[in-house]
Amino acid sequence: FGWVLFEASCVLVFIGEALFKITTYGMRHYLFGPAGFWNAMDAIVTFLSILDVGVSIWSLASGPMTESKLAGLGRVIVMLRTSRVVRIVRLAKLLHAPLLRDLA
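Residues numbered from 1 in each chain as written. Predicted model: local features only at pLDDT ≥ 70, side-chain atom pairs only at ≥ 80, totals over all residues. Heavy atoms only, no water.

Time to look at the overall build of the protein chain. A count of helical and extended segments in the protein chain gives six helices and zero strands. In the protein chain, the succession of helices and strands from N to C terminus is α-α-α-α-α-α. Scored against the burial criterion, the 104 residues of the protein chain give a buried share of 26%. Sequence-distant contacts in the protein chain: of pairs separated by 6 or more residues, those separated by 24 or more amount to 72%. Element-wise, carbon and sulfur atoms account for 77% of the exposed surface of the protein chain, whose accessible area totals about 7400 Å². (Helix = DSSP H or I, 4+ residues; strand = E, 2+ residues; numbered from the N terminus. Buried < 20%, exposed > 50% of the residue type's maximum accessible area, 1.4 Å probe, protein only. Contact = heavy atoms within 4.5 Å. Areas by Shrake-Rupley, 256 points an atom, 1.4 Å probe, with all protein chains shown as cover.)

This is the structure in structure tokens:
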């Protein structure tokens, strides 16, 4: 249960970041501006993370499951979790930040 709570907290931070950028820059600049590709990637990863946390909470709340339901749920969770590898790409975005280039 603790891990799901931690994941949900991280997802809330990512949602807050996306909403902050959208309200600050506007939707058009968020998706089609200079960092549009990275912002779209962040939005996709955040959406998949929301699904992942939702499935985790649903599996905790539904109680005992049959073996076939558990197998299907396991496949969905594995698919969502492997898609989270895309978050590593966010580190590459950080390396292109102008502030870090100025510090070098």
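Having seen the structure, we can now continue with the description.
Throughout the structure, instances matching the rule amount to one aromatic pair. For the ring pair Phe-37 and Trp-38, a centre distance of 5.2 Å and an interplane angle of 75 degrees mean the geometry is edge-to-face. (Phe/Tyr/Trp six-rings, centres within 6.5 Å; stacked < 30°, edge-to-face > 60°.)

On the surface, Met-27, Leu-31 and Phe-32 cluster together into a nonpolar patch covering about 330 Å² of accessible area. Along the chain, the position of Met-27 falls in helix 2 (residues 27-32). (Patch = residues over 30% accessible without salt bridge, like charges linked within 9 Å, V, L, I, M, F, W, Y side chains within 5 Å. Salt bridge = Lys/Arg side-chain N within 4 Å of Asp/Glu carboxyl O.)

Another point: the confidence of the model for the protein chain. Here the protein chain shows a mean pLDDT of 75. Residues at 70 or above account for 59%. Predicted confidence in the protein chain is weakest over helix 6 (residues 98-103), with a mean pLDDT of 53, and strongest over helix 2, with 91. (pLDDT = per-residue confidence, 0-100.)

Scanning the entire structure with this criterion turns up one salt bridge. Close ionic contact of Glu-17 with Lys-21 constitutes a salt bridge, the shortest N to O distance being 3.4 Å. Of this pair, Glu-17 and Lys-21 both sit in helix 1 (residues 2-25), separated by four residues, roughly a single helical turn. Taking relative accessible area as the criterion, Glu-17 reaches 27% and is therefore assigned partly exposed.

Once that is clear, we can look at the environment of Gly-54. Looking at where Gly-54 falls in the secondary structure, it is placed in helix 3 (residues 36-61). When its relative accessible area of 35% is taken as the criterion, Gly-54 is described as partly exposed.

Relative to the assigned elements, Ile-22 resides in helix 1. Taking the relative accessible area as the measure of exposure, Ile-22 reaches 23% and is therefore partly exposed. For the pair formed by Ile-22 and Asn-39, sequence separation is 17 residues and the distance between their alpha carbons is 9.7 Å. Setting aside its immediate chain neighbours within four residues, Ile-22 contacts Met-27 and Tyr-30.

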